[in-house]
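Architecture and fold: a report
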Amino acid sequence: MRDNFGSRLGVILATAGSAVGLGNVWRFPYMAGENGGAAFIGVYIVCVLLLGLPCMVSEFIIGRHAGANTMRAYGEIGGRGWRLVGMLGVLTAFLITGYYAVVSGWCLEYIWASLTGRLLGTPEYVQQYFADFSTDAWRPVAWTVLFFAATHLVITRGVQRGIERASKLLMPTLFVLLVALVVASCMLPGAGRGIAFLFQPDFSKVTKDVFLGALGQSFYSMSIAMGCLCTFASYFSRETDLGRSAMQIALIDSAVAILAGLMIFPAAFSAGVRPDSGPSLVFITLPNVFTQVFSSMPLLAWVMPLLFYALLSLAALTSLISLHEVSTAFFSEELHITRHRAALLVSVCCCVIGVFCSLSLGAVEGLSVMGMPLFDVFDFVTGQVFLPIGGFLTCVFLGWFAPHSVVRGEFMQGGTLSGRYFHAYLLLVKYVCPTAIAAIFLHQLGVI
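Now for a look at the structure at hand. Once a new chain begins, its residue numbering starts again from 1 and follows that chain's sequence as written. In keeping with the predicted nature of the model, local features appear solely for residues at pLDDT of at least 70, side-chain atom pairs appear and are counted solely at 80 or more, and the whole-chain, interface and lining totals rest on all residues. To get the side-chain values, take all heavy atoms of the structure and skip hydrogens and water.

Moving on to unusual backbone geometry. One non-glycine residue, H336, lies in the positive phi region at around 55 degrees. Of note, H336 is situated in the loop between helix 14 (298–334) and helix 15 (339–359). Even without glycine at this site, M370 takes up a positive phi of about 50 degrees. Note on placement: M370 falls in the loop between strand 1 (368–369) and strand 2 (372–373). Secondary structure elements follow DSSP: runs of H or I of four or more residues count as helices, runs of E of two or more count as strands, with numbering from the N terminus.

Turning our eyes to something else, we now look at the environment of A424. By the secondary structure assignment, A424 is in helix 18 (residues 422–444). For every residue, the accessible area obtained with a 1.4 Å probe (protein chains only) is divided by the maximum for its type, and the residue is called buried under 20%, exposed over 50%, and partly exposed between those limits. Relative accessible area serves as the criterion here: at 44%, A424 is assigned to the partly exposed category. Counting along the chain gives 370 residues from A424 to P54, while the straight-line C-alpha distance between them is 9.5 Å.

This brings us to helix 12 (residues 242–270). Helical geometry: 3.6 residues make up each α-helical turn, so side chains three or four residues apart lie on a common side. A helix is expected to span 1.5 Å multiplied by its residue count minus one. In a regular helix each residue adds 1.5 Å, so 29 residues correspond to 42 Å; helix 12 covers 42 Å between its end C-alpha atoms and thus fits that length. In terms of burial, helix 12 is a largely internal element, 21 of the 29 residues being buried. Polar contacts, as counted here, are pairs of nitrogen or oxygen atoms within 3.5 Å of one another; within protein the pair requires one atom able to donate a hydrogen and one able to accept it, and residues that are adjacent in sequence qualify only if both atoms are side-chain atoms. Near the N-terminus of helix 12, the side chain that reaches the backbone nitrogen of G243, with its oxygen 3.2 Å away, is that of D241. G272 sits one or two residues past helix 12 and shows a positive phi near 75 degrees.

Bringing a nonpolar patch on the surface into the picture now. Residues form patches when they are more than 30% accessible in relative terms and have no salt bridge. Like charges link within 9 Å. Nonpolar side chains (Val, Leu, Ile, Met, Phe, Trp, Tyr) link within 5 Å. Computed by Shrake-Rupley with a 1.4 Å probe, the accessible areas treat only the displayed protein chains as cover when residues are assessed. For this document, the term salt bridge refers to a Lys or Arg side-chain nitrogen within 4 Å of an Asp or Glu carboxyl oxygen. Taken together, the side chains of I45, V46, L49, L50, M247, L251, W400, F401, L427, Y431 and V432 present a nonpolar region at the surface, about 1000 Å² in accessible area. For the nonpolar patch, the secondary structure elements donating two or more residues are helix 3 (38–66), helix 12, helix 16 (374–401) and helix 18. With 4 residues, helix 3 is the largest single contributor of residues to the nonpolar patch. With respect to the helices and strands, I45 occurs in helix 3. Exposure remark for I45: the relative accessible area of 36% places this residue in the partly exposed category.

The subject of this paragraph is the side chain of T156. One can find T156 in the loop between helix 7 (139–155) and helix 8 (159–186). Once residues within four sequence positions are removed from consideration, T156 is found in contact with R339, H340 and A343. Only heavy atoms matter for contacts: two residues are in contact if any of them lie within 4.5 Å across the pair.

Right, let's get into the packing of aromatic side chains. Geometry of an aromatic ring pair is reported as the spacing of the ring centres plus the angle between the planes. The criterion for an aromatic pair is that two Phe, Tyr or Trp rings (for Trp, the six-membered ring) have centres within 6.5 Å, with stacked assigned to planes under 30 degrees apart, edge-to-face to planes over 60 apart and tilted to the rest. This structure, assessed with the given rule, holds 30 aromatic pairs. Taking the centre distance of 5.0 Å and the plane angle of 65 degrees together, the rings of F28 and Y44 count as edge-to-face. Of the two residues, F28 is situated in helix 2 (residues 22–34) and Y44 in helix 3; the sequence distance between them amounts to 16 residues. Assigned by exposure class, F28 and Y44 land together as buried. Seen in terms of ring centroids, Y110 and F283 are 5.2 Å apart; in terms of plane orientation they differ by 75 degrees. Their pairing is edge-to-face. Placement of the pair is Y110 in helix 5 (residues 83–115) and F283 in the loop between helix 12 and helix 13 (285–293), with a sequence separation of 173 residues. The same class applies to Y110 as to F283, namely buried. An aromatic cluster is built from Y99, W106, Y110, Y125, Y129, F130, F283, F290, F308, Y309 and F375, whose rings are joined through pairwise contacts. Whether a charge lies above a ring is judged from NZ of Lys or CZ of Arg, which has to be within 6 Å of the ring centre and within 35 degrees of the ring normal. The cationic tip of K430 hangs over the ring face of W400; the distance from NZ or CZ to the ring centre is 4.7 Å.

So, in structure tokens, the structure goes:
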């Protein structure tokens, strides 16, 4: 018998954990910093409502109706040809699992570095520390393997005893850490400028690039087209309200992203650091911020980065669990093997991918394609090619090819719910979402 989530709280926390990850705590703040703060947030919220929610509900419909892994779910509704779209989602999750664990491992290194006081030093020292660590042959690999071991332990215990139980522990802990860091950051001298940057919109900053960047971030942040939402929905009970669950998960996801900005920007402004530091914000800029801001308080200079990187690690772990589960469910059901064997197969294969991605960042020469390290190749192919193509095809599938009775029946939960918003949902999935996703894709490729 196929496992299911045991409670509504488990559904919300586990699926929210799938969406909440480094995209919220790492990528969202630097995207907001590069695109005008509050102006970006306003556009981002609109994108979540018009793009993120319909796409999330679509994956929920496919997953719950079929009650199977992502590839089989698409085939159950649309026939064998559409299994290729589901297979693309499984492949995307499989590849992301490999290189995502590398960045997750960096978070563990920075926890250790915070504990031992190795992040205290000049800006030049911190920058060199990251460069030396990320290009080291063994340390990043060791942390990557350790992160896979923790993920594997959760996955092998199943849906209720593993994923759901871990989510009920990890997600509240993540929120407690996040709120504690937000309070500490907002009490710093000069923090008001960071709060104003985040919440006082300057609509003159809203350009085509900001709009397309917000579209892409909403897509990335909510784990759309990775197979995660579809796979988790296959464990939903028939009583789960898909629309309400999607709204609650989107609210949690957006709240974490905004709180992450509220944690980072007041501290950055207090230290006189630019908010648009880009991807280096977390691993190079923020250690300098902690050192400067708490220079007169050695205990806080030690505790704050420790809590921050613990928060990052928890966010990474909740996402990696869901990514791993996509491939585990696929191999278990398609190869007809036990869950433990499927999880071991995924862990070993993705761990190998992670090792090569880590070594490609400088430790070993030649691990590159067309001059790009393997890490960057995997990031580009999955994030800028597979995700938008998968999301586009999912919307086309649900809007134009899936039986209308199936889509309507799942949306209205077999007629027990009002269909008041069904036509609006169908309009968005048929026209608005495919157009927006196509725009993201063409923008990422430099066509527009």
